[in-house]
Amino acid sequence: MSFLPFGGGGNASSQQINQQNIAMVEQEYEAVTETFYRIVGTCFKKCIPPKYIEGELNKGESVCIDRCFSKYIEVTTKIGEALAKKGQEAGKSGFGV
Amino acid sequence: MRDFMKFYSNLVDRCYNDCINDFTSKTLTTKEETCIQRCTDKFLKHNERVGQRFAEYNQGVAAQAQSAQTGSGGWFGGGR
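Because the structure is a prediction, the values reported are computed rather than measured. (Residues numbered from 1 in each chain as written. Chains lettered and ligands numbered in written order. Predicted model: local features only at pLDDT ≥ 70, side-chain atom pairs only at ≥ 80, totals over all residues. Heavy atoms only, no water.)

A.B. asks: Could you clarify how one ought to interpret the pattern of salt bridges in this entry?
C.D. replies: It is possible for side chains bearing opposite charge to pair when their charged atoms get close. Scanning the entire structure with this criterion turns up eight salt bridges over all chains. A salt bridge links Glu61(A) to Lys42(B), with the shortest nitrogen-to-oxygen separation between them at 2.7 Å. Of this pair, Glu61(A) sits in helix H2 (residues 59-91) while Lys42(B) is found in helix H2 (residues 30-68), placing the two residues in two different chains. This pair shows no difference in class: Glu61(A) is buried, exactly as Lys42(B) is. The shortest N-O distance in the salt bridge between Glu56(B) and Arg53(B) comes to 3.0 Å. Within this pair, Glu56(B) and its partner Arg53(B) are both found in helix H2, separated by three residues, close to a single helical turn. Residue Glu56(B) is classed as partly exposed on the basis of its relative accessible area, which comes to 46%. For Arg53(B), a relative accessible area of 17% corresponds to the buried category. Through salt bridges that share partners, Asp66(A), Arg49(B), Arg53(B) and Glu56(B) make up one connected network. (Salt bridge = Lys/Arg side-chain N within 4 Å of Asp/Glu carboxyl O. Helix = DSSP H or I, 4+ residues; strand = E, 2+ residues; numbered from the N terminus. Buried < 20%, exposed > 50% of the residue type's maximum accessible area, 1.4 Å probe, protein only.)

A.B. asks: Which parts of the structure should I look at to understand the UniProt feature "domain: Tim10-like" (unreviewed entry) in chain A?
C.D. replies: Under the feature "domain: Tim10-like" (unreviewed entry), the UniProt entry names residues 22-84 of chain A. Secondary structure content for residues 22-84 of chain A is 83% helix and 0% strand, while the C-alpha to C-alpha distance between its ends is 25 Å. (UniProt positions renumbered as here; feature names shortened; annotations may be inferred.)

A.B. asks: Even after reading the chapter, I still don't get the state of the cysteines, so can you show me in this structure?
C.D. replies: What we call a disulfide is simply a covalent bond connecting the sulfur atoms of a pair of cysteines. Residues and elements named next belong to chain A. Using the criterion set out here, one finds four disulfides over all chains in the structure. Covalently, Cys-47 is tied to Cys-64 through a disulfide, its sulfur atoms 2.0 Å apart. Negative torsions about the S-S bond denote left-handed disulfides, and the value of about -75° found for Cys-47 with Cys-64 makes this one left-handed. With Cys-47 in helix H1 (residues 14-47) and Cys-64 in helix H2, this residue pair connects regions lying 17 residues apart in the sequence. Assessed through its relative accessible area of 26%, Cys-64 is described here as partly exposed. Sequence-ordered numbering of the disulfide-bonded cysteines in chain B gives the connectivity 1-4, 2-3. Assigning the bonded cysteines of chain A consecutive numbers by sequence position, one obtains the connectivity 1-4, 2-3. (Disulfide = S-S within 2.5 Å.)

A.B. asks: What is the right way to look at the packing of aromatic side chains in this model?
C.D. replies: This model, assessed by the stated rule, comprises seven aromatic pairs over all chains. Residues Phe36(A) and Phe54(B) carry aromatic rings whose centres are separated by 5.1 Å and whose planes lie at 70° to one another, so their mutual orientation is edge-to-face. Taken together, the positions of Phe36(A) in helix H1 and Phe54(B) in helix H2 put the pair across two chains. The buried category is assigned to Phe36(A), whose relative accessible area is 13%. Judged by its relative accessible area of 7%, Phe54(B) is buried. Here the aromatic residues Phe36(A), Tyr37(A), Phe69(A), Phe54(B) and Tyr57(B) are joined through ring pairs into a cluster of three or more. (Phe/Tyr/Trp six-rings, centres within 6.5 Å; stacked < 30°, edge-to-face > 60°.)

A.B. asks: I keep staring at the nonpolar core and nothing clicks. Help me out?
C.D. replies: As a rule of thumb, nonpolar side chains are buried together in soluble globular proteins. Residues Ile39(A), Ile48(A), Tyr52(A), Phe69(A) and Val50(B) are the most contacted members of the largest nonpolar core, which totals 27 residues. Counting only elements with at least two residues in this core, the list comes to H1 and H2 of chain A together with helix H1 (2-19) and H2 of chain B. For this core, the element with the highest residue contribution is H1(A), accounting for eight residues. In this structure, Ile39(A) is in contact with Phe44(A), Phe69(A), Tyr72(A), Ile73(A), Val50(B) and Phe54(B), ignoring residues within four places of it in sequence. (Core = buried A, V, L, I, M, F, W, Y, C linked by side-chain atoms within 4.5 Å. Contact = heavy atoms within 4.5 Å.)

See the structure below:
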């Protein structure tokens, strides 16, 4: 789980930290796997023509997959930022999405 | 296990929809079987490739988070 940016630290009891961390890690894990499967599904649909002349990924398909992945991440980030901004603007009174 | 089932049903669904369109017989034709075989191979390789990109991306995010030492970073949050 090295990619999860929850460096420990803080003054709460260690038990509290553990429980909080476990919940956070679980949530993060869910979100990450969900995103992963979404990307696999979406990019397969977009990049692999349903003809199946061969079982290998050809060059064009491979390039398409890489780009599809990058764009998916970019879109996820962009929309996340837009939502966060909206949330901050509309925010103080309540999150109106 | 749940993840595996998700993956498995996703794969079956996709390859079934792409390969099986003829219902004049009850069993798979050779053509359909070949199609399913290739579709499965392709899907597995596709999955593997996305997994590699995913790992690379996560490494990048981890490195960023480490050098910044702040942010909630990661997936959906945070400015960067």
